[in-house]
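# Understanding the architecture of this molecule
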Amino acid sequence: EPEVTQTPSHQVTQMGQEVILRCVPISNHLYFYWYRQILGQKVEFLVSFYNNEISEKSEIFDDQFSVERPDGSNFTLKIRSTKLEDSAMYFCASSYGRGDAFFGQGTRLTVV
Amino acid sequence: KQEVTQIPAALSVPEGENLVLNCSFTDSAIYNLQWFRQDPGKGLTSLLLIQSSQREQTSGRLNASLDKSSGRSTLYIAASQPGDSATYLCAVKTGANNLFFGTGTRLTVIP
């Protein structure tokens, strides 16, 4: 069964460093998303991407964040100058249309 | 802004019992509603999706209902099993193509 794949599963980084989280969405899907879940809190929407551009973003997704689909298969989230409060589980998701969203297993980011 | 609430926050039941999880949302103008399962430290597994025009969806022992006008959904789990132990998340999609999640119900099924 097709699935969304995220790497790495766990990343530890020092405060102020840049990190790139990687995702391979389901191959025929057209919409791609990043969500995050701070420990003990709700899953929160960050950004959606369609037709090679950002279609929507939340207020969380500020200039510190960027997304890219560099090669037609990977979908990346870059976080510049990480802060302690960026520590969270980051989920990538994809969907064909506006229906079912399929989520990856997540990348646990720990900023120390 | 859409707010999604799930009650109860935690539920513990003996194996074999039927149970109902509740989800409510503040803005009834939704596109669809999705129920997910999350195991500790893991990703989100989609269980059921109900379109705004539908009243319910069924998959195996799971049945989800939607009352859009009152802003409510329920997830019914029949004949619960220890393997059903997980956190169940409700999420709604509005006109914007993103999901608003509830805080979840942590279910424990006791053998």
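Going by the structure above, here's the rest.
We now turn to the structure provided with this report.

So, how was this worked out
Residue positions are given per chain, counted from 1 along the sequence in the order it is written. Chain letters and ligand numbers both follow the written order, the letters beginning at A and the numbers at 1. At least 70 in pLDDT is required for a residue's local features to be given in this predicted model, at least 80 for side-chain atom pairs to be given and counted, and no such filter applies to totals for whole chains, interfaces and linings, which use all residues. Side-chain figures throughout are based on the complete set of non-hydrogen atoms in the structure, without hydrogens or water. We call a set of buried Ala, Val, Leu, Ile, Met, Phe, Trp, Tyr and Cys residues a nonpolar core when their side-chain atoms join them within 4.5 Å. Exposure classes here rest on a 1.4 Å probe applied to the protein chains alone. A residue is buried below 20% of its type maximum, exposed above 50%, and partly exposed in between. Strands are runs of DSSP state E lasting at least 2 residues, helices are runs of H or I lasting at least 4, and numbering of each runs from the N terminus. Any two residues whose heavy atoms approach within 4.5 Å at even a single point are treated as in contact. Any pair of Phe, Tyr and Trp rings, taking the six-membered ring for Trp, is counted once the centres come within 6.5 Å. Such a pair is stacked with planes under 30 degrees apart, edge-to-face with planes over 60 apart, and tilted for the rest. The rule for a disulfide is simple: a pair of cysteine sulfur atoms within 2.5 Å. If DSSP finds at least two bridges between two strands, the strands pair. Axis lines are fitted to C-alpha atoms, over the contacting stretch for helices. Their N-to-C directions set the angle, which ranges from 0 to 180 degrees.

Right, let's get into the nonpolar core. Of all hydrophobic cores here, the largest spans 23 residues; its most connected members are A:Trp34, A:Leu46, A:Val67, A:Phe75, A:Leu77 and A:Tyr90. Of all the secondary structure elements, the ones that give two or more residues to this core are β3 (19–24), β4 (31–37), β5 (43–50), β7 (65–68), β8 (75–79), β9 (88–95) and β11 (107–111) of chain A. Not counting residues within four places of it along the chain, the set of residues in contact with A:Phe75 comprises A:Leu21, A:Arg22, A:Cys23, A:Pro25, A:Phe32, A:Tyr33, A:Trp34, A:Phe49, A:Val67, A:Glu68, A:Arg69 and A:Cys92. B:Ile30, B:Leu62, B:Cys90 and B:Leu107 belong to the second-largest nonpolar core, a separate cluster that totals 22 residues.

Tallied over the entire structure, the rule returns 13 aromatic pairs over all chains. Ring centres of A:Tyr31 and A:Tyr50 lie 4.4 Å apart, and the angle between their planes is 15°; this geometry places the pair in the stacked category. Residue A:Tyr31 is located in strand β4, and its partner A:Tyr50 is located in strand β5; the two are separated by 19 residues in the primary sequence. Between A:Phe91 and A:Phe103, the ring centres sit 6.4 Å apart and the planes meet at 75°, which makes this aromatic pair edge-to-face. Placement of A:Phe91 in strand β9 and of A:Phe103 in strand β10 (residues 102–103) is noted, with a sequence separation of 12 residues between them. The same class applies to A:Phe91 as to A:Phe103, namely buried. Every member of this aromatic cluster is reached through a ring pair, and the members are A:Tyr33, A:Tyr35, A:Phe45, A:Phe91, A:Phe103, B:Phe36 and B:Phe101.

Let us look at the state of the cysteines. Counted according to the given criterion, the structure contains 2 disulfides over all chains. Sulfur-sulfur distance for the disulfide between A:Cys23 and A:Cys92 comes to 1.9 Å. Residues A:Cys23 and A:Cys92 are joined by a disulfide whose S-S torsion is about -65°; by sign, that bridge is left-handed. One end of the pair, A:Cys23, is in strand β3; the other, A:Cys92, is in strand β9, with 69 residues separating them in the sequence. For A:Cys92, a relative accessible area of 0% corresponds to the buried category. The disulfide partner of B:Cys23 is B:Cys90, and the S-S distance across this bridge is 2.0 Å.

Turning our attention to the sheet that holds strand β1 (residues 5–7) of chain A. Residues and elements named next belong to chain A. The strand order β1-β3-β8-β7 describes an open sheet built from 4 strands, whose pairing is antiparallel. At either margin of the open sheet sits one strand with a lone partner, and together these are β1 and β7. In this sheet, neighbouring strand axes are inclined to one another by 20° on average, regardless of whether the strands run parallel or antiparallel. In the sheet, β7 pairs with β8 via 4 bridges, with the strands oriented antiparallel. Within β8, the residue paired with phenylalanine 65 across the bridge is isoleucine 79.

Honestly, that's just the spatial picture; any functional story needs more than this.
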